[in-house]
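What the coordinates show
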Amino acid sequence: MAINEIYQYSLVNALMSGVSDSGITVTQLIEKGNQGLGTFVRMDGELLLLDGTVYQLQAEGKIRVAEPDDQIPYAAATHFRSQQTLTVKLESKDSIEAVLKKFDDHANNLFMSYRIEGVFSRLKCRTVKGQEYDGQPLSELGKNQFVAEYEDVEGTIVGFRSPSTWQGFFVAGEHMHFIDKERKIGGHVLELEADEVTIGIATVNNVHIELPTSDKFNAAKMSTDDVGLKSVEG
Ligand SMILES: [Zn+2]
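Described in the following lines is the structure provided in the data block. These numbers come from a predicted model, not from an experiment. (Residues numbered from 1 in each chain as written. Predicted model: local features only at pLDDT ≥ 70, side-chain atom pairs only at ≥ 80, totals over all residues. Heavy atoms only, no water.)

**Brief notes about the coordination of the zinc ion**
Rule in force here: Each metal site lists N, O and S donors within 2.8 Å (3.2 Å for Na, K and Ca). With water left out of the atoms, a site can look as if it is missing ligands. Here the term buried applies to any residue with accessible area under 20% of the maximum for its type, exposed to any over 50%, and partly exposed to those in between, with areas from a 1.4 Å probe on protein chains only.
Note on the zinc ion: its protein donors are His175 (NE2), His177 (NE2) and His188 (ND1). The metal-donor distances range over 2.1 Å. For the zinc ion, the single-chain donor residues occur in sequence as H-x1-H-x10-H. Classification of histidine 175 as buried rests on a relative accessible area of 6%. Histidine 177 gets classed as buried once you look at its relative accessible area, which sits at 0%.

Here's what the structure looks like:
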């Protein structure tokens, strides 16, 4: 059955409330897993952790390898051990749900961790451009993001599937970040299509959430905004 674990720092609801001015370091995150996703201080771009390297996927499609001391206000990571690999066609982001159901160990109310590799015939990614003022909520940053579409691009998607009941703690449903093979482009995946890619999948039944101890986290008013979350993270 489930063998993988997820470590998460902070809550998506904290980002929705604009809490993003400090967090754990890149060095600390890498101890928690070899693949994952998140964001950086002041929500300056998307974070992707792949095989132990943390990348900052910046607006305008630029990528840099993060410094060990860079701070991370939100991230989820796992020591990924695939239980099964499938070769699949993906007609859309929504089709991933059906693909995951083919997985022998599929369980609706467990988390799933996966990695998709291959050539994507179409990919639409976004990167947040960062807060314009201290405490600006993520829900507002949806208007201030860089969106790019790519065709026939080879690379890797790191993804998590969270049960709907966890909305606001995690992103319910699929949460995926992409990086291309040359490590030149990437972002939070909004849409995708692929004729033939491989997907390695694992179920997750252990979830460890570390909460920030900062005054800002403790003072934040947090509630789950399902509609807002779907519009900014969907
Ligand atoms: Zn994301």
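Here the narrative resumes, following the displayed structure.
**Some remarks on the layout of surface pockets**
Over the atoms rolls a probe the size of a water molecule, and its path tells where empty space is left. Rule in force here: Of the two site types, the cavity is a set of points on a 1 Å grid over the protein atoms alone where a 1.4 Å probe fits but cannot get out, and the pocket is an open set with protein on both sides within 12 Å along at least five of seven lines, each lined by residues with an atom within 4 Å of a point. Grid points are joined across faces, edges and corners, and a volume is the space filled by probe spheres set on the points. Labels follow the DSSP assignment, with helices taken as runs of H or I lasting at least four residues and strands as runs of E lasting at least two, numbered in each case from the N terminus. Any residue outside Ala, Val, Leu, Ile, Met, Phe, Trp, Tyr, Cys, Pro, Asp, Glu, Lys and Arg is labelled polar, Gly included; the first ten of those are nonpolar and the last four are charged.
In this structure, the largest pocket encloses a volume near 400 Å³. As for the largest pocket, its lining consists of 21 residues, and the residues nearest its centre are Glu97, Arg161, Ala172, Gly173 and Glu174. Contributions of two or more residues to the lining of the largest pocket are made by helix H3 (95-101), strand E11 (145-162), strand E12 (173-180) and helix H6 (226-233). By residue number, the principal contributor to the lining of the largest pocket is H6, which donates four residues. A class-by-class count of the residues in the lining of the largest pocket yields five nonpolar, seven polar and nine charged.

**Here we look at unusual backbone geometry**
Positioned with a positive phi, serine 10 is a non-glycine residue whose angle comes to about 65 degrees. For serine 10, the position within the fold is in the loop between strand E1 (4-9) and helix H1 (12-16). Within the chain, arginine 42 stands out as a residue other than glycine whose phi angle is a positive 60 degrees. Here arginine 42 is to be found in the loop between strand E3 (35-39) and strand E4 (46-50). In this structure arginine 42 comes out as partly exposed when scored by relative accessible area, which is 32%.

**Quick look at the pairing of E12**
Let me state the cut-off plainly: For two strands to be treated as a pair, DSSP must find no fewer than two bridges joining them.
Burial runs high along E12: eight of the eight residues are buried. Inspection of the sheet shows E11 paired to E12 by eight bridges, in the antiparallel sense. When the sheet's bridge partners are listed, glycine 155 is paired in E12 with aspartate 180. Two strands pair when backbone bridges link them, and E12 and strand E13 (residues 186-210) are joined in this way by three bridges, in the antiparallel orientation.

**Considering H6**
At 3.6 residues per turn, the α-helix brings residues three or four places apart onto the same side. The line we're drawing: Relevant arc is that of directions from the helix axis to the C-beta atoms, nothing else. When checking whether two residues touch, look at their non-hydrogen atoms; a contact exists if any pair is within 4.5 Å.
Turning to H6, its buried residues number three or more, namely Gly228, Leu229, Val232 and Glu233. Viewed end-on, H6 has its buried residues packed into an arc of 100 degrees, placing them on one side of the element. For H6, the exposed residues set more than 90 degrees away from the buried face come down to Val227, Lys230 and Ser231. Check the buried side of H6 and you find it contacts H1, strand E10 (111-128), helix H4 (138-141), E12 and E13.

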